Amino acid sequence: MTGTITIIMVFSIPLVAIVTSHYQKVAKIKHNMIKDEIELEKLKHQNYLLETEKMKLELTQMKLESPLEKTNL
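Remember, it's a predicted structure, so these values are computed and weren't measured experimentally.

(A) Structural view of the overall build of the protein. Looking only at helices and strands, one finds one helix and zero strands in the protein. A globule of 73 residues ought to have a C-alpha radius of gyration of about 11 Å, yet the protein, at 32 Å, is considerably larger. For the C-alpha atoms alone, the extent of the protein along its principal axes is close to 105 × 10 × 10 Å. Entry remark: accessible area of the protein is about 7300 Å², with carbon and sulfur atoms responsible for 68%.

(B) Geometry of a nonpolar patch on the surface. On the surface, Met1, Ile5 and Met9 cluster together into a nonpolar patch covering about 370 Å² of accessible area. Taking relative accessible area as the criterion, Met9 reaches 47% and is therefore assigned partly exposed.

(C) Layout of the UniProt feature "transmembrane region" (unreviewed entry) in the protein. On the UniProt side, "transmembrane region" (unreviewed entry) is annotated at positions that read residues 6–23 here. In this annotation, residues 6–23 is assigned 100% helix and 0% strand; the end-to-end C-alpha distance for the span is 26 Å.

(D) Quick look at the UniProt feature "coiled-coil region" (unreviewed entry) in the protein. UniProt annotation of "coiled-coil region" (unreviewed entry) refers to residues 26–60 when read in the numbering used here. Taken end to end, residues 26–60 has its terminal C-alpha atoms 51 Å apart, with 100% of it in helix and 0% in strand.

So, how was this worked out
- Residues numbered from 1 in each chain as written.
- Predicted model: local features only at pLDDT ≥ 70, side-chain atom pairs only at ≥ 80, totals over all residues.
- Heavy atoms only, no water.
- Helix = DSSP H or I, 4+ residues; strand = E, 2+ residues; numbered from the N terminus.
- Rg over C-alpha atoms; globule rule 2.2 N^0.38 Å.
- Areas by Shrake-Rupley, 256 points an atom, 1.4 Å probe, with all protein chains shown as cover.
- Patch = residues over 30% accessible without salt bridge, like charges linked within 9 Å, V, L, I, M, F, W, Y side chains within 5 Å.
- Salt bridge = Lys/Arg side-chain N within 4 Å of Asp/Glu carboxyl O.
- Buried < 20%, exposed > 50% of the residue type's maximum accessible area, 1.4 Å probe, protein only.
- UniProt positions renumbered as here; feature names shortened; annotations may be inferred.

Written out as structure tokens, the structure is:
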């Protein structure tokens, strides 16, 4: 019986190490994915702000050009 327990202990230690290593690698991959997603969201937000500002400028330009067109007609 003692021999069986010894064999189980000897083989279970490397298996635990392998499983732990695997979980650590998965956690690192998830961490990198989350970092990339955060960076992507920052870029999306910057893009949204730029597009909004561009649309405001275009609307302002259209409002400024509109009275000129009415006077020319």
